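Each chain, written out:
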Amino acid sequence: MKFLTTSIFSLLSLTIFAQTEVTAVSSIQSQATIRISKSTKRCKYFPASAPVTMADGSLKSIADVRVGEHVKTCKDGKTTITQVKQIDVFNQPTSPLTAVYLRPAEDNTSGSPIVPALLLEATPHHYVQTNHGRKRMKKLSKKDILYHYEPSTGIVSSWKVGAVQENARRVNKAYNLETVDGTYLVDNVMVANN
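Residues numbered from 1 in each chain as written. Predicted model: local features only at pLDDT ≥ 70, side-chain atom pairs only at ≥ 80, totals over all residues. Heavy atoms only, no water.

Enquirer: When you look at the overall build of the protein chain in this model, what are you seeing that I'm missing?
Expert: Of the regular secondary structure elements, the protein chain holds one helix and 15 strands. In the protein chain, buried positions account for 38% of the 194 residues. Within the protein chain, counting contacts between residues at least 6 apart in sequence, those at least 24 apart form 61% of the total. (Helix = DSSP H or I, 4+ residues; strand = E, 2+ residues; numbered from the N terminus. Buried < 20%, exposed > 50% of the residue type's maximum accessible area, 1.4 Å probe, protein only. Contact = heavy atoms within 4.5 Å.)

Enquirer: Just to check I follow, could you spell out the pattern of salt bridges for this structure?
Expert: Where side chains of opposite charge bring their charged atoms close, a pairing between them can arise. All chains considered together, the criterion is met by three salt bridges. With its nearest N and O atoms 2.7 Å apart, the salt bridge here joins K60 to E69. With a relative accessible area of 22%, E69 lands in the partly exposed category. The partner of R169 in a salt bridge is E121, and the shortest N-O contact between them spans 2.9 Å. Here R169 is found in strand 12 (residues 155–169), whereas its partner E121 is found in strand 8 (residues 118–122), with 48 residues between them in sequence. Residue classification places R169 among the partly exposed residues on the basis of a relative accessible area of 35%. The buried category is assigned to E121, whose relative accessible area is 16%. (Salt bridge = Lys/Arg side-chain N within 4 Å of Asp/Glu carboxyl O.)

Enquirer: Even after reading the chapter, I still don't get the side chain of Q86, so can you show me in this structure?
Expert: Topologically, Q86 is positioned in strand 6 (residues 78–91). A relative accessible area of 15% places Q86 in the buried class. Here the side chain of Q86 touches D88 through a polar contact of 2.9 Å, side chain to side chain. (Polar contact = N/O pair within 3.5 Å; in protein donor to acceptor, adjacent residues only side chain to side chain.)

Enquirer: Teacher, can you tell me more about unusual backbone geometry here?
Expert: Glycine aside, negative phi is the norm for most residues, and most peptide bonds take the trans geometry. Positioned with a positive phi, Q92 is a non-glycine residue whose angle comes to about 50°. Position of Q92 relative to the elements: it lies in the loop between strand 6 and strand 7 (97–104). Residue classification places Q92 among the exposed positions, given a relative accessible area of 56%. Here D187, not a glycine, exhibits a phi torsion of approximately 50°, which is positive.

Enquirer: Help me out: how do you make sense of the packing of aromatic side chains in this one?
Expert: Geometry of an aromatic ring pair is reported as the spacing of the ring centres plus the angle between the planes. One pass over the full model with this rule turns up two aromatic pairs. Where Y45 meets F90, the ring centres are 4.9 Å apart and the plane angle is 40°; that geometry is what we call tilted. Separated by 45 residues along the polypeptide, Y45 in the loop between strand 1 (34–37) and strand 2 (46–47) and F90 in strand 6 bring together distant segments of the chain. Residue Y45 is classed as buried on the basis of its relative accessible area of 0%. Plain terms: the ring middles of F46 and Y184 are 6.3 Å apart, the flat faces sit at 75° to each other, and that makes the pair edge-to-face. Residue F46 is located in strand 2, and its partner Y184 is located in strand 14 (residues 183–186); the two are separated by 138 residues in the primary sequence. Here the two residues F46 and Y184 agree in accessibility, since each one is buried. (Phe/Tyr/Trp six-rings, centres within 6.5 Å; stacked < 30°, edge-to-face > 60°.)

Enquirer: Explanation requested: the environment of H148 in the structure shown.
Expert: Here H148 shows up in strand 11 (residues 145–150). Expressed as a C-alpha distance, the spacing of H148 and W159, which sit 11 residues apart in the sequence, is 6.7 Å. Residues in contact with H148, not counting those within four places in the same chain, are L118, I155, V156, S157, W159, D187, N188 and V189. In this structure the side chain of H148 is engaged in a polar contact, spanning 3.2 Å, whose partner is the side chain of E150.

Enquirer: Which parts of the structure should I look at to understand the environment of D181?
Expert: Relative to the helices and strands, D181 resides in the loop between strand 13 (173–179) and strand 14. The exposure class assigned to D181 is partly exposed, which follows from its relative accessible area of 40%. Contacts of D181, omitting those with residues within four sequence positions, involve T73, T80, I81 and T82.

Structure, rendered in structure tokens:
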């Protein structure tokens with residue numbers, strides 16, 4: 001009986017130790033993948049309210065996305081899923097946001113309803129995926145096409161740059177995600193990690 005009691009206590013002790021160890025390791029991993037940036041020179045980020053398209057198609061503000069979650073992106077004209085591996089947080093960022101207004105690339109002469117313009121805001125140095133490869137926000141022109149995921153149809157469509165407004169506004173806190181595939185969707189528009 002004494003042997004059985006000792007064995008049970010030993011087993012319980014090992015279980016508690018193992019659970020504590022697992023919790024400590026997962027805490028370290030999550031802390032290592034969220035960076036608080038001290039430098040804001042040429043940083044790339046979005047405002048906290050920027051809507052990120054999650055794997056299930058729902059939208060979540062970039063400030064609420066967590067490391068390890070799955071988000072949508074586009075590849076070869078189709079949507080795919082990638083995983084968030086790092087989050088960069090910028091407190092009191094110095095760079096103002098650049099606003100890019102997008103409109104459908106297809107000409108709207110068929111009499112179909114007018115589609116409202118899309119607004120994408122990020123720092124001037126943030127990359128977006130265009131028909132000419134990755135480009136910084138501040139380098140976009142009316143010749144560039146960006147890719148937009150249509151949640152209602154599941155189709156990836158082309159949107160052209162209508163206007164670029166530098167120094168659109170400043171924010172107190174900003175975020176950037178790094179994903180396994182190197183891209184993700186902000187307001188259903190494909191953007192690059194860096």
